[in-house]
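Understanding the architecture of this molecule
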Number of protein chains: 4
Amino acid sequence: MTNARLTVKQPCGSEREIERRSFIKGALAAALGSACGGASASELAGPIAGRDWWPSKWGAGDQAAASNYMTPEKVIEAVGLVKSGKVYNLGRPYEQGMPFFPGRGFSLRIPGNPTLGPLGSNKLIAHEEFLATEIGQVGTQFDGLAHIGIEMDGPDNNAEKRFYNGMSLSEIRGAYGFKKLGVEHVKPFVCPSVLFDIKALKGRNLRRGEEIMVSDLISALERQGLKESDFGTGDVALVRTGWGDQWMVDNKSYYDGEPGPGLDATQWLIDRGASLIAADNWAVEVIPSPDPDLSYPVHQLSLTKHGVYLFENIQLDELAEDEVYKAAFFFSPLPIKGATGSPGNPIVIG
Amino acid sequence: MTNARLTVKQPCGSEREIERRSFIKGALAAALGSACGGASASELAGPIAGRDWWPSKWGAGDQAAASNYMTPEKVIEAVGLVKSGKVYNLGRPYEQGMPFFPGRGFSLRIPGNPTLGPLGSNKLIAHEEFLATEIGQVGTQFDGLAHIGIEMDGPDNNAEKRFYNGMSLSEIRGAYGFKKLGVEHVKPFVCPSVLFDIKALKGRNLRRGEEIMVSDLISALERQGLKESDFGTGDVALVRTGWGDQWMVDNKSYYDGEPGPGLDATQWLIDRGASLIAADNWAVEVIPSPDPDLSYPVHQLSLTKHGVYLFENIQLDELAEDEVYKAAFFFSPLPIKGATGSPGNPIVIG
Amino acid sequence: MTNARLTVKQPCGSEREIERRSFIKGALAAALGSACGGASASELAGPIAGRDWWPSKWGAGDQAAASNYMTPEKVIEAVGLVKSGKVYNLGRPYEQGMPFFPGRGFSLRIPGNPTLGPLGSNKLIAHEEFLATEIGQVGTQFDGLAHIGIEMDGPDNNAEKRFYNGMSLSEIRGAYGFKKLGVEHVKPFVCPSVLFDIKALKGRNLRRGEEIMVSDLISALERQGLKESDFGTGDVALVRTGWGDQWMVDNKSYYDGEPGPGLDATQWLIDRGASLIAADNWAVEVIPSPDPDLSYPVHQLSLTKHGVYLFENIQLDELAEDEVYKAAFFFSPLPIKGATGSPGNPIVIG
Amino acid sequence: MTNARLTVKQPCGSEREIERRSFIKGALAAALGSACGGASASELAGPIAGRDWWPSKWGAGDQAAASNYMTPEKVIEAVGLVKSGKVYNLGRPYEQGMPFFPGRGFSLRIPGNPTLGPLGSNKLIAHEEFLATEIGQVGTQFDGLAHIGIEMDGPDNNAEKRFYNGMSLSEIRGAYGFKKLGVEHVKPFVCPSVLFDIKALKGRNLRRGEEIMVSDLISALERQGLKESDFGTGDVALVRTGWGDQWMVDNKSYYDGEPGPGLDATQWLIDRGASLIAADNWAVEVIPSPDPDLSYPVHQLSLTKHGVYLFENIQLDELAEDEVYKAAFFFSPLPIKGATGSPGNPIVIG
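About the criteria used
Residues numbered from 1 in each chain as written. Chains lettered and ligands numbered in written order. Predicted model: local features only at pLDDT ≥ 70, side-chain atom pairs only at ≥ 80, totals over all residues. Heavy atoms only, no water. Contact = heavy atoms within 4.5 Å. Buried area = accessible area lost by both parts, 1.4 Å probe. Salt bridge = Lys/Arg side-chain N within 4 Å of Asp/Glu carboxyl O. Least-squares fit on C-alpha atoms with pLDDT ≥ 70 in both. Pairing = 2+ DSSP bridges. Helix = DSSP H or I, 4+ residues; strand = E, 2+ residues; numbered from the N terminus. Axes fitted to C-alpha atoms, helices over the stretch in contact; angles between N-to-C directions. Parallel < 35°, antiparallel > 145°, perpendicular 65-115°, else oblique. Nonpolar A, V, L, I, M, F, W, Y, C, P; charged D, E, K, R; others polar. Buried < 20%, exposed > 50% of the residue type's maximum accessible area, 1.4 Å probe, protein only. Phe/Tyr/Trp six-rings, centres within 6.5 Å; stacked < 30°, edge-to-face > 60°.

1. Overview of the interface of chain A and chain B
- The partner chain B presents 95 residues to the 94 residues of chain A that form the contact.
- When chain A packs against chain B, the two sides together hide about 7700 Å² of surface, and 63% of this comes from carbon and sulfur.
- Of all residues in chain A, Asn122(A), His127(A) and Glu129(A) bury the most surface against chain B, accounting for 9% of the area lost on that side.
- The tally of links between chain A and chain B comes to 4 salt bridges.

Now the structure itself:
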């Protein structure tokens, strides 16, 4: 269990923190103002400090965020990349024994054997399955916009718990599904994907807490014979760390930290127009955060501030093996009304 | 409630039944032998009477069935159809208020508002959702091979409850997921789809119990400027009946019967190599069955005997409106280990 | 569906409302101050307007509320009432087809047939059941203290959403169970119960919206040969309205209003030391409320202000038939950590 | 995980096994006939070998089994034992972190904070909880009659999978709840309970695999100043082993075996008319079974053959401390239609 990690709160920023944060657009004011003890929004630390990160570039009220990059031109570009016709599954099987973020579960039951029947003189029998789970937040998972926010004015004030596009908890909340920012607003992803094979670059699996830097991303592209410009606006970044090797092998330590891109590398991807950042780990970003005061800051930077989606627990080994570095990516989330994310089996076609 | 329909059993075949069934390959022996009162396998009525329907054409032990049609060549053919780059969602939103087959449900709950947090000096808050449902058998749904079988030797004998490829209930069953024939064995669908717009052909919505005939399929193709050969081996058939207009409009009568292809039309599609038959209704096939002795016979013919998949409750109106008759179809089921089906949002790219 | 009822909000009090409310202790200030448009706590209408209703009489921090009445003396008094030894079940069977408050459900599934086995040379087979439901808020249900509160300072402010003993939502909330006021703090009920057979008093089933008055309670006791003093401190009130006759008979209209005690009758029971008020309807209290501005005010008066528990959807016909008017009552809630209520099958022994 | 244990099957009996089993009424024929390799019912090993164990002594078709002992006389006897009026909770809190039998779970979620509201000018807010779990087979649990059976003719034949009173799986099964033998048929328990404090007798916690013998039961009674005749027909046996000390302390090893009564001690209790056998462990009986060929044989002996109920994971420490050896026991199962068991918080009144 990693509960300890979940409850760590450090009220004040350190000097080192301020330095780190100054790389992050929009966080400067916050960093400067982070005198210890205050509670006002301007003093909040992290990538979405301040209030200048909304409205989003797709307009006030927009709920599709970076899936807006999916234009017909993008689609045409993507299918133009298909050469071999080989289909790669990026999704992992969903099963009861997989590792879980603390508190989540997956209970699949087959009601009766059979569930129904026999019916008719054709003696039909039928089965169903019953599933109880954190559907969009277990296994291979696509993170939507209601998943992550920031508490800007303390735990009591729901009007200042802000999500993508500045929408407040008061505005979006619902016990039976979010009224706004649900995953049903996301447009299907049909676009190029670019592999950043950091595992191959380093020649080893990355380690818990190891941060992927901007230079790693650039070097990975070079190693793969790609240029920086090969990662274009609207493209999907597939980040391979090797952490996924522990899936169903060492489930106990799987959720106890991970390597991944830090705030800088993530910002670099966002600046180049990433629509989605996917990785072979459980939270995309490096855990624990290099800045120990920050908890999942890449989630806030990506989802909350920029509306750039995340995809977790994907498989990239076969793509890497076949050296499919830039190819066509396809994923349409389950339009579960008011959900924070979606399960899925995204595919890449080489 | 339509429970009455589910429990209707008529032990003996009528003359009319025998005539109808004689069209169906493999059912002839059953029909001839259907003297009233018997219980042996050879006397079973319907499309999978007899024992000559296994092993499947993909070999004994195969669990992928018609998804085996998905070859790299098929993929290349599919993406070659992309012209406009416009993406069509065939999936409907999943929501608590949607219509359900009797006994099934969908309970989505948001645990806490928020679920977690605040964490860190970045005051991250996070949400999840909890879902309890017949995951692969509600809403827009892809039917897998463990969904439908036939009871060949009475309710007591699990060794003679047969599924695709002759696999028995004894062989596949499991309380926490099927040991065989789970939906995780299905390969992603990337192939051409062909629309059969029967609604447009008739100039009206089809009615409850109205059977789509082979001639309707052929006429629909003609009307759309396609030839019979335009529906090729491995292609997906998209059947538009208009029944879906009742979705979320008249939920009460939605599951009380429907129009759809009968055994003949389904056999015609299977003979031409359909990998998947999808429709804008809840069971693809015509309900009640024209032969009142048979219950969901198209399910048995398609899934159990031929391993040809079904997709239910899809949306086809936008495709029809844009006259996208043959185009690229993409769907990768959720690989839920041991499940009978999958939810999904298949897309077609015009 | 009765959703309309759930969303009716009327911002300002009418004259009639003020009159009614003046009967209710503690509501007077609110009534006087209810000029339209205000938002401050002092202007809130209803039985728990004002801030003088906490700490509770069992002390600040108490979480057991009226179950504190359950002393050894009370237990001795209760068992002393046993004469015939006949046991009466007050609980209804839990089943998927029962009526539900809008949004709630009950999905019971038997995983596999069997779930496990065979094991050993003794060939043991075993079954389980899987249930997904609003466990403490479906069927026969005991309402705990986290179930009902009051929003004293608008929807945004969690510190002023108050529950029993003045505890705030900020203080008690938890996505996986309430941190305070969970049903696990309730002590088992072993005490006398007194039947108030209003149905027998009126000679008919009470009607939707029919309010039970103080005089009805007193007359019911008289008719049954009891005195007012026969209902003592810590006793359970069993209120029979006849509404339960519709259970599983007319489920559609079951949740569309009901007869029951109003604020006055409830206050009378509370003043006499009721530990629990139970009824053969779904919310104990009269619905719609005689004061159309108030929504479930008896819930607030009883649970939130006074910590007096409610028990809904119980059966009282057999007790009435046998004229078991004062007898021993037994109920121990399921100690589900952090739950808002409990299912149960309370018994009375005559 | 203890899955290995669950799948161990040994087809043939050893000599030692035959000796042990010869103590068990009804198992003799089975023991004599247990030549290796056979499959017929007469060759089955264990406490319910043979077919002479049905109909039950309460008549063919009876579904209440040992709860039939609960007569008005029994109730009067029980309440006559009340002296101090002190109430003892035997139930443990239900919580997500408790130990589970492999494959089972408990997911409690609070939908929204709040779930509903504000409603009315009284600004009512309301909460519910959502629970997904093996309701009758987690935590403190009462085992009903559909829980355990015997496979008499191999895995394929549902007509020879037998339960209490000889009822077959074909007869009782249902995907949404058992058609027969559901826990709703059990009558509330109001009767004397007798504590068998084996922990105190031994002066230590019993160990994994340590069998409680008949002599232990008798010695425990003596130590407590009771006679054998103090445990009467219809009484509840409360067996204290000390195993429960690991609950929420060492959850990992909790389900990996336990001490408890063996077949002989259980038969002794049954012969004296036990209505229910309860223990402070997870399966009442000693695990692993002293006869390694047998899996949970006490479950079959008690539930299947004799219809004597089991209650698991109860707390007995306070009773032992107060030396409440014979007292009044109260428990009414949740009448969940078609369930295999019930959660509960049984109480004893001293």
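Further notes follow.
2. A short note on the relation of the copies chain B and chain C
- When chain B is fitted to chain C, the residual RMSD is 0.0 Å, and the transformation amounts to a turn of 180° plus an axial shift of 0.0 Å. A rotation of that kind, with that shift, is consistent with a two-fold axis. When each C-alpha of chain B is compared by its distance to the rotation axis, Ala132(B) comes out closest, at 3.3 Å.

3. Topic: the sheet that holds strand β5 (residues 130-133) of chain C
- Taken in spatial order, the 4 strands line up as β2(C)-β5(C)-β5(D)-β2(D) in an open sheet, and their pairing is antiparallel. The open sheet has two free edges, formed respectively by β2 (106-109) of chain C together with β2 (106-109) of chain D, since each of these has just one partner strand. Strand-to-strand twist in this sheet, taken as the mean axis angle between neighbours without regard to direction, amounts to 10°.
- Judged from the 4 bridges that link them, β2(D) and strand β5 (residues 130-133) of chain D form a sheet pairing that is antiparallel. In the strand pairing of β5(D), Arg109(D) is matched with Phe130(D).

4. What to know about the packing of helix α7 (residues 214-223) of chain A against helix α9 (residues 263-271) of chain A
All names here are of chain A.
- In the contact formed by α7 and α9, the axes pass within 7 Å of each other and the chain directions differ by 55°. With respect to each other, α7 and α9 are oriented oblique. Here α7 contributes Val214, Leu217, Ile218 and Leu221 to the contact with α9, which in turn contributes Asp264, Ala265, Trp268 and Leu269.
- Of the residues assigned to the contact of α7 with α9, the class counts are 7 nonpolar, no polar and 1 charged.

5. Some words on the pattern of salt bridges
- Per the counting criterion, the structure on display carries 72 salt bridges over all chains.
- Of the charged contacts, one joins Glu160(C) and Arg162(C) as a salt bridge, the two residues approaching to 3.0 Å between their closest N and O atoms. Arg162(C) shares its class with Glu160(C); the two are buried.
- Where Arg240(D) meets Asp197(D), a salt bridge forms, and the shortest distance between an N and an O atom there is 2.9 Å. With Arg240(D) in strand β11 (residues 236-240) and Asp197(D) in strand β9 (residues 189-197), this residue pair connects regions lying 43 residues apart in the sequence.
- On the basis of relative accessibility, which here comes to 2%, the residue Asp197(D) falls in the buried class.
- Residues joined by salt bridges that share partners form a network here, namely Lys74(A), Glu77(A), Asp235(A) and Lys326(A).

6. Brief notes about the packing of aromatic side chains
- If you walk through the whole model with that rule in mind, you get 68 aromatic pairs over all chains.
- Their ring planes at 65° and their centres at 5.6 Å tell us that Phe196(A) and Phe231(A) sit as a pair that is edge-to-face. Separated by 35 residues along the polypeptide, Phe196(A) in strand β9 (residues 189-197) and Phe231(A) in the loop between α7 and β11 (236-240) bring together distant segments of the chain.
- With relative accessibility at 3%, the residue Phe231(A) sits in the buried group.
- Between Phe311(C) and Phe331(C), the aromatic rings sit 4.7 Å apart at their centres with planes inclined by 70°, giving edge-to-face as the arrangement. Note that Phe311(C) is positioned in strand β14 (residues 309-312) and Phe331(C) in strand β15 (residues 326-331), a separation of 20 residues in sequence.
- On the basis of relative accessible area, Phe311(C) is assigned to the buried category, the value being 1%.
- Clustering of aromatic rings is evident, with ring pairs tying together Phe101(A), Trp247(A), Tyr254(A), Tyr255(A), Trp282(A) and Tyr296(A).

Read these as geometric descriptors, not functional statements.
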